[in-house]
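# Coordinates in review
Each chain, written out:
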Amino acid sequence: MMTKDVVMSSNSSTVQCTECYSASTGQRTFPPAPTKEWREYVAGWGSGIVNICITFPINKTMFRQQLHGISAWEAFSQLKAEGFLHLYRGILPPLLQKSASTALMFGSFEQYKRLLTENQVSNTSSMVMAAFFAGCTEAALTPFERVQTLMLDHKYEGRFRNTPHAFSSLRQYGVREYYRGLSAILMRNGPSNIIFFGCRDQLRTSLPESFDKFGLLADFLSGACLGAFISTIFYPINTTKTHMQKTLGGEFQSFRFVFSQLVKERGAGGMFRGVHVNYTRSFLSWGIINMSYSYLLELLKGPRVL
């Protein structure tokens, strides 16, 4: 690549800039613009932390229902019997996982979309591809979901002292053990991201104009409705993922095998056991995530932040 110095004059001022030309084609190119996605990564990370701190008890109730096929009241009774001090037991893995996951979800989506757009991919295609790639990128955090499953299952309550101990205990089973349930996570992440990013802005703009006076409320409602819908249709996949990850050591079972076994045991309706708690949690959770993400992003884009 070679460069040319170009001088442009305008009245009394003279501006010098550098244009880059391809040595092979002779066509003019420009250096890429500085990457700005760090704001999306930081805002996503912060929104994940806010969300987990608020919704962890609800999530724990839903997890017990998924794992044991019990009612919400029975799950609540289990947690009540264990005591308040144990209510937030196991919060560290989802706190680390969710904050990193939302950071990757929003940040990598914007980054992938920019790269695809710069390569002349259409807006719709770049959105779909970027959302799917962001979901696959999030799957790198599978070990956190894996350990969270073990920490929330009271069967392992006396086996693992804390989160670091659970992580180190899995080492004896090999690296593959950390990624048990990866196939279910990939099946969930990519499609759910496509729905979320594809409908997020359209849903917000479809709200009544009166909501524009309360921007954060509109962000909450659009994220909440999408989150409740997405989590409901993907609930059987999450239930299967939980059962794949509850096993410690031993044979790795495929998603298809575990899913079919659960359907035989519980029936199609049983695969949605606890879904009412799930969509309630997801409504609240994704409302908080979307609202806090939008707020933090605007804060980071403000005049005080570079």
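In the block above lies the structure referred to throughout.
These numbers come from a predicted model, not from an experiment.

Calculation rules
- Residues numbered from 1 in each chain as written.
- Predicted model: local features only at pLDDT ≥ 70, side-chain atom pairs only at ≥ 80, totals over all residues.
- Heavy atoms only, no water.
- Helix = DSSP H or I, 4+ residues; strand = E, 2+ residues; numbered from the N terminus.
- Buried < 20%, exposed > 50% of the residue type's maximum accessible area, 1.4 Å probe, protein only.
- Contact = heavy atoms within 4.5 Å.
- Areas by Shrake-Rupley, 256 points an atom, 1.4 Å probe, with all protein chains shown as cover.
- Core = buried A, V, L, I, M, F, W, Y, C linked by side-chain atoms within 4.5 Å.
- Phe/Tyr/Trp six-rings, centres within 6.5 Å; stacked < 30°, edge-to-face > 60°.
- Lys NZ or Arg CZ within 6 Å of the ring centre and 35° of its normal.

Below, the discussion takes up the overall build of the protein chain. Helix and strand counts for the protein chain stand at 11 helices and three strands. When the helices and strands of the protein chain are read in sequence order from the N terminus, they spell out β-β-β-α-α-α-α-α-α-α-α-α-α-α. Every one of the 306 residues in the protein chain was classed for burial, and the buried ones make up 45%. Sequence separation of 24 or more characterises 73% of the internal contacts of the protein chain that already satisfy a separation of 6 or more. Working note: accessible area of the protein chain is about 16,200 Å², and carbon and sulfur atoms make up 61% of it.

On to the nonpolar core. Counting residues in hydrophobic clusters, the biggest one holds 26 residues, and the most contacted among them are Phe106, Phe109, Phe196 and Phe197. Listing elements by their share of this core, those giving two or more residues are α3 (92-118), α4 (123-138), α7 (182-206), α8 (215-233), α9 (235-245), α10 (255-270) and α11 (275-300). Setting aside anything within four residues of it in sequence, one finds phenylalanine 197 in contact with Met105, Phe106, Phe109, Met127 and Ala131. By size, the runner-up hydrophobic cluster in this structure holds nine residues, among which are Leu150, Tyr156, Tyr178 and Leu248.

What follows concerns the packing of aromatic side chains. Counted under the stated rule, the structure contains 15 aromatic pairs. Consider the rings of phenylalanine 196 and tryptophan 286, whose centres lie 5.3 Å apart with planes at 50 degrees: the pair is tilted. With phenylalanine 196 in helix α7 and tryptophan 286 in helix α11, this pair connects stretches of sequence that are 90 residues apart. Summarising the burial analysis for this pair, phenylalanine 196 and tryptophan 286 share the class buried. A centroid spacing of 6.0 Å and a plane angle of 80 degrees characterise the contact between phenylalanine 220 and phenylalanine 283, whose relative ring orientation is edge-to-face. Taken as a pair, phenylalanine 220 in helix α8 and phenylalanine 283 in helix α11 lie far apart in primary sequence, 63 residues in all. Residue class for phenylalanine 283 comes out partly exposed when judged on its relative accessible area of 32%. Chaining the aromatic ring pairs together yields one cluster made of Phe106, Phe109, Phe196, Phe197, Trp286 and Tyr293. A cation over an aromatic ring shows up here: arginine 176 above the ring of phenylalanine 252, its NZ or CZ 4.1 Å from the ring centre. Directly above the aromatic system of phenylalanine 252 lies the positively charged group of arginine 180, at a separation of 3.9 Å from the ring centroid.

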